[in-house]
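Each chain, written out:
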Amino acid sequence: MDLLQRWVARQFTTRVIVMMPVAIAINIVLGYTVQSVLKLPIYVDSIGTILVGCVAGPLPGAITGILSNLIWQYAPGIGAGSSIGPFAVTAGVIGFMAGIWGYLGVFRSRPASGLRLIVPAAIAIAIIVLLAARMYTIPQYSDPGMGYPSWVNVAIIGIGAAASISVALFVYLRRDAGGAWVAVAGAVTGIVAAIVSAPIAAVVYGGVTGAGTDVIVAALRQGGADVYNASLGQGLLSDPIDKTITSFVVFLILAGASSRFLARFPLGDRLVRVEASDANDAGATDGN
Amino acid sequence: MTPERPTATSPVVAEAEEAHLPEFVRRIPVGPYRALNPVTKATLAVVAAILAFGVRGWTGPAVVLVVVVSCAWTAGVLRRMAPFALATLPLVASILVVNTFLYPGAHDTIAKLGPLSPTWTGATTALQATLRVVAFGFSAALFALTTPVDDLLVELERRGLGRRGAFVVGSALGAVPSTLERAREVADAQRARGMETEGGLWRRFRGLVPLIGPVLFGALAEVEERTMALEARAFTAPGRRTILRALPDSGRQRAARWLLFVGSVVAVVVTLATPVRLP
Amino acid sequence: MSEGLVLAGASYRYAGASKPTLRSVDLRLDSGRVVGVVGPNESGKSTLCLVVAGLAPGVIGGRLEGSVGLDGIELNAMRSPDLAQQCGLLFQNSATQLSNMTATVFEEVAFGPCNLKLPPVEVIEVWWALRTVGLEKLASRDPVRLSGGQGQLVALASVLALRPRYLVLDEPTSELDPAGTKLVTEALERIVRETGAGILLVEHKTDVLARIADEVLVLDHGTVALSGPAATVLADPRLAELGVEPPAGVRLERAAKASGLEWSAELAEAVG
């Protein structure tokens, strides 16, 4: 129990406490702006959540996500008429997963060249293709009795191809093998998010949430899918893209931040390659 | 000083009075419904959400709507609920259209309008979903209009939320409008330099990307200084900090809170797990 | 055991930096005295503030050599709540120093004492801090909606409320208009008069220093290039080459002398 208490306390330093409201505000403002201006079936409302998760840990990440959704729902002016509140569960899961990726050092910059660049990229693309192929074959998508229109298969192939190409380009242009793992982490987070969100959307809102994604839900229902499957189908198309884009944005932010800034966070040591001389620096008591 | 559960004449409220704290600090709310303890009002909002979404059929949301509207009328905020009602229209329209015309597995068509065949089942489901959304929206509006967030945070902190929890929520609520303001400033500056906000999708996308960077980095740059400012004000001192404000509570309200919460959970469980079905 | 806040041969390097930002700095801050610090950009002024207030390396890490002590006790040995009661720190941007948890200026200024769990009958004493900086009439206002100068006064009062013996201010007027600068400067004068606190004031505006500083240090590339009584240092001809603009009085006197005009003590007095 004491170990658990210490694990919890380690994640909530003063700096993390200060960062969380900033991240919550980023989530809400960027999410609201992107959704009202672009009206695309992506959300872009998890940048802050994933950022906090991978620099501080699973618990701060989860709480950032949950609070973002709740505050957005009850926020004057932008919250009324939105359907974001009940999805706090999904946001919590996303934040928690980001913490796990943080522990695994997924978001660390890995400058590389030649083979050390190509191999991770190839592995990442292989994983993405496998995931897409697995999605291709789930009953909802392949069984005409379940009622998915055939364009869904084309969409999956298209998304898989676009994702593979983007990952390859990113890794090549930035000479950073880290991009490969970030892409995989984003895709997996997206799939989990879709699976968690579908029952919430179906049960609480009957599948229609008022976001740009309703168009896809409608199209899937047109093909005959029932409420739950239409929500799941829409989620599996939108969420992996959205979370992968978000993860890349977070990765770019971290790459642009100074190591001085990152080092003082609980998971900072997994984000920065520590120089030998810093190991002797006075350890700081971070207000715990 | 040990913070206690505040009651109408509790030691904590008395202590605040004894210290002659200025009135603008004590800010005890008055008026029917508003004078209720913020935790009571928050419990009502939570219970409303549970009943509106958890109890299938018409009864749950209908009851919630009736109760919320009467509370709003008592508190005198009914007219100010109108904008909240209007804000739910896009969502409601979406629900009505998608469910009426595209409800899977329904065959009792209302009419045949070319390729579209709206169904009664679909329409019924749509109306129920609409009622749920409206009931929830109204309960959220009631809460937002009658409960200053500061009041709620004070009460939660007294009950164990802790200074760090109160900071995160309070600071986030303050950060949203200021970040929105910064985003607008950046957007204006970009627009002056030729960024497009109207037009086709690609144009809007291209216009949006340069917005994200400055907003993000501007917000993150403050983290270091804010952290130091908190440390310089002894924020990290251990233990429960002094809370100057004290809002009245009563045994009756506490009982009502428990009753409502447990009652709502029971209602949801009963309608889900047993054959009992409400209309 | 010496009284006062003393830096002896202090060198500081940020975590992850290859070179030290401060090199062998000697400084002494006594109660009731105002020490001004000037210097070009990147000379280490902000770092000096963090070191004197004990936040570096305590909160932000990095490596400190030499000694930084208060009445003989190393600042490193103190935890930040205790440090906050000994040495208060103020930054340039008033908005980032607000807690965002309070609805009135009074509660914002009471933030520190409340954090220290003082009972309400003692917290009420913060009226003193509000009076000293001149904020009593604004006590019921929302701290977020104040002007830049007023916001800095709130930050100043909220640090004062902890009754520190020393105050460190890092360019407090740099983001303020002349009216705001005047508010803050007058508040600082009152603080010195009424509380006897020792103040370390980093300022670009040498006019402010000419008015209230007893002693001035010029920092250049992390070392102390000049130090001495304020009037002497601010009139030193080497200031310009160190990237610091002398105060208006000094510039006028030089211009007058260069044009062969009479310059007297009365004129100097009138200019301020």
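Parameters and conventions
- Counting from 1, residues in each chain are numbered in the order their sequence is written.
- Labels follow written order: the first chain is A, the first ligand is 1, and so on.
- Local features are withheld for residues below a pLDDT of 70 in this predicted model, meaning they are given only at 70 or higher, and side-chain atom pairs are given and counted only at 80 or more; totals for whole chains, interfaces and linings count all residues.
- Going along the chain from the N terminus, every DSSP run of H or I of four or more residues is numbered as a helix, and every run of E of two or more is numbered as a strand.
- In this scheme every C-beta is placed from the backbone, and a residue whose C-beta has 20 or more other C-beta atoms within 10 Å is buried, one with 12 or fewer is exposed, and one in between is partly exposed.
- The contact rule is simple: place each C-beta atom from the backbone, and if two of them lie within 7 Å, those residues are in contact.
- Atoms counted for the radius of gyration: C-alpha only. Globule rule: 2.2 Å times residue count to the power 0.38.
- An automatic or database domain assignment supplies the start and end points of every domain.
- Gly falls in the polar group here, along with every residue not listed as nonpolar (Ala, Val, Leu, Ile, Met, Phe, Trp, Tyr, Cys, Pro) or charged (Asp, Glu, Lys, Arg).
- DSSP bridges decide pairing: two strands pair if at least two such bridges lie between them.
- The axes are straight lines fitted to the C-alpha atoms, using for helices just the contacting stretch, and the angles between their N-to-C directions are given from 0 to 180°.
- By definition in this entry, angles of less than 35 degrees are roughly parallel, angles greater than 145 are roughly antiparallel, angles of 65 to 115 are roughly perpendicular, and the rest are oblique.
- We call a crossing left-handed when the near helix sits turned anticlockwise from the far one by less than a right angle, and right-handed when that turn is clockwise.
- What pLDDT conveys is the predictor's confidence in a given residue, as a value from 0 to 100.
- What we call a nonpolar core is a set of buried Ala, Val, Leu, Ile, Met, Phe, Trp, Tyr and Cys residues whose membership is set by joining through C-beta atoms within 7 Å.

Draft legend 1. Broad picture of the overall build of chain B. When its secondary structure is counted, chain B shows ten helices and zero strands. Order of helices (α) and strands (β) in chain B, N terminus to C terminus: α-α-α-α-α-α-α-α-α-α. Evaluated residue by residue, chain B yields a buried proportion of 41% over its 279 residues. Considering only contacts in chain B between residues 6 or more positions apart, those separated by 24 or more positions represent 71%.

Draft legend 2. The overall build of chain C, seen in detail. Counting secondary structure elements, chain C contains 13 helices and ten strands. Taken over the C-alpha trace, chain C has a radius of gyration of 19 Å; the compact-globule value for 272 residues is 19 Å, and the two agree within 12%. Principal-axis analysis of the C-alpha atoms gives chain C an extent of 65 × 45 × 35 Å. A separation threshold of at least 6 residues defines the contact pool for chain C, and within that pool the share at least 24 residues apart is 68%.

Draft legend 3. Structural context of the domain arrangement of chain B. Parsing chain B into structural domains produces domain 1 (30–147 + 249–273) and domain 2 (162–232). Placing the centre of domain 1 of chain B and that of domain 2 of chain B at their C-alpha centroids yields a distance of 33 Å.

Draft legend 4. Local environment of the interface of chain B and chain A. Contact residues are listed per partner, giving 49 residues for chain B and 45 residues for chain A. Of all the secondary structure elements, the ones that give two or more residues to the side of chain B that touches chain A are helix 5 (82–87), helix 6 (89–101), helix 7 (120–146), helix 8 (149–192) and helix 9 (201–232) of chain B. Counting residues per element, the side of chain B that touches chain A draws most heavily on helix 9 of chain B, which supplies 14 residues. The residue makeup of the side of chain B that touches chain A, split by class, is 33 nonpolar, eleven polar and five charged.

Draft legend 5. Region of the structure containing the environment of Ile124 of chain C. As for its position among the elements, Ile124 of chain C is in the loop between helix 6 (120–123) and helix 7 (127–133). Residues Ile124 of chain C and Phe106 of chain C, spaced 18 residues apart in sequence, show a C-alpha to C-alpha distance of 9.2 Å. Not counting chain neighbours up to four residues away, the residues in contact with Ile124 of chain C comprise Ala19, His20 and Leu21 of chain B.

Draft legend 6. A look at the pairing of strand 10 (residues 223–229) of chain C. Residue and element names in this part refer to chain C. Relative to strand 10, strand 9 (residues 215–220) is paired through six bridges, and the arrangement is antiparallel. Residue pairing in the sheet places Val216 in a bridge with Gly228 of strand 10. Counted between consecutive antiparallel strands, the loop separating strand 9 from strand 10 contains two residues, among which His221 sits at a positive phi close to 50 degrees.

Draft legend 7. Just the sheet that holds strand 8 (residues 198–202) of chain C, in detail. All names here are of chain C. Strand order in this open sheet of six strands is 6-7-8-3-9-10, and the pairing throughout is mixed. Each edge of the open sheet is held by one strand with a lone partner, namely strand 6 (87–90) and strand 10. On average, each strand axis in the sheet is inclined to that of its neighbour by 15 degrees, with strand direction left out of account. Contacts from helix 8 (residues 148–160) reach strand 6 and strand 7 (166–170), with the element oriented near 165 degrees to strand 6.

Draft legend 8. Local environment of the environment of Asp214 of chain A. Following the sequence through the fold, Asp214 of chain A ends up in helix 10 (residues 214–222). As for Asp214 of chain A and Ser231 of chain A, which are separated by 17 residues in sequence, their C-alpha atoms are 9.1 Å apart. Not counting residues up to four positions away in its chain, the partners in contact with Asp214 of chain A are Val208 and Thr209 of chain A together with Ser94 and Val98 of chain B.

Draft legend 9. The interface of chain C and chain B, seen in detail. Taken residue by residue, the interface counts 35 residues in chain C and 33 residues in chain B. For the side of chain C that touches chain B, the secondary-structure elements that each account for two or more residues are helix 3 (80–86), strand 6, helix 4 (105–109), helix 5 (111–115), helix 6 and helix 8 of chain C. Residues that form the side of chain C that touches chain B fall into these classes: 22 nonpolar, eleven polar and two charged.

Draft legend 10. The arrangement of unusual backbone geometry in detail. Going from Ala56 of chain C to Pro57 of chain C, the amide bond is cis rather than trans, its omega being 0 degrees. Not every positive phi belongs to a glycine, and Ala234 of chain B is a case in point at roughly 60 degrees. According to the C-beta neighbour criterion, Ala234 of chain B is buried, with 23 such atoms within 10 Å. Residue Asn100 of chain C is not a glycine yet carries a positive backbone phi of 60 degrees. Mapped onto the secondary structure, Asn100 of chain C falls in the loop between strand 6 and helix 4.

Draft legend 11. Main features of the sheet that holds strand 4 (residues 63–70) of chain C. Residues and elements named next belong to chain C. What the four strands build is an open sheet, ordered 2-1-4-5; its pairing is antiparallel. At either margin of the open sheet sits one strand with a lone partner, and together these are strand 2 (22–29) and strand 5 (73–74). Where strand 1 (residues 5–13) lies against strand 4, seven bridges are found, and the strand directions are antiparallel. Among the inter-strand pairings, Arg13 is bridged to a residue of strand 4, identified as Arg63. Relative to the sheet, helix 1 (residues 45–52) contacts strand 1, strand 2 and strand 4, its axis offset from that of strand 1 by approximately 125 degrees.

Draft legend 12. Representation of the packing of helix 6 of chain B against helix 7 of chain B. Residues and elements named next belong to chain B. Here helix 6 crosses helix 7 at 160 degrees, and the two axes come no closer than 7 Å. Considering their axes alone, helix 6 and helix 7 lie roughly antiparallel with respect to each other. Crossing of helix 6 over helix 7 shows right-handed handedness. Contacts from Leu91, Val92, Ile95, Leu96, Asn99, Thr100 and Phe101 in helix 6 reach Gly122, Ala123, Thr125, Ala126, Ala129, Thr130 and Val133 in helix 7.

Draft legend 13. A look at the confidence of the model for chain C. A residue-level look at chain C finds 97% of positions with pLDDT of 70 or above and a mean pLDDT of 87. Taken over the whole predicted complex, pTM reads 0.85, whereas the ipTM for its chain interfaces reads 0.85.

Draft legend 14. Region of interest: the nonpolar core. Among the nonpolar cores identified, the biggest contains 247 residues, and Ala48 of chain B together with Val109 and Ala157 of chain C are the most heavily contacted of them. Top contributing element to this core by residue count: helix 2 (residues 14–38) of chain A, with 15 residues. Both of domain 1 (30–147 + 249–273) and domain 2 (162–232) of chain B provide at least three residues apiece to this core. Other than its neighbours up to four places away in sequence, Ala48 of chain B contacts Val64, Val68, Ala135, Phe136 and Ser139 of chain B.

Draft legend 15. A look at the packing of helix 4 (residues 59–75) of chain B against helix 7 of chain B. Residue and element names in this part refer to chain B. Close contact between helix 4 and helix 7 brings their axes to 9 Å; oriented N to C, the two are set at 25 degrees. The angle between helix 4 and helix 7 places the two elements in the roughly parallel class. Between helix 4 and helix 7 the crossing geometry is left-handed. In contact with Pro61, Ala62, Val64, Leu65, Val68, Val69, Cys71, Ala72 and Ala75 of helix 4, helix 7 contributes Leu131, Arg132, Val134, Ala135, Phe138, Ser139, Leu142 and Thr146. Looking at the contact of helix 4 with helix 7, its residues break down into 14 nonpolar, two polar and one charged.

Draft legend 16. Highlighting the confidence of the model for chain B. Chain-level statistics for chain B give a pLDDT mean of 82 and a share of 86% at 70 or above. Within the model, pLDDT remains below 50 along residues 1–9 of chain B, and this stretch shows 22 contacts once partners closer than five positions in the same chain are excluded.

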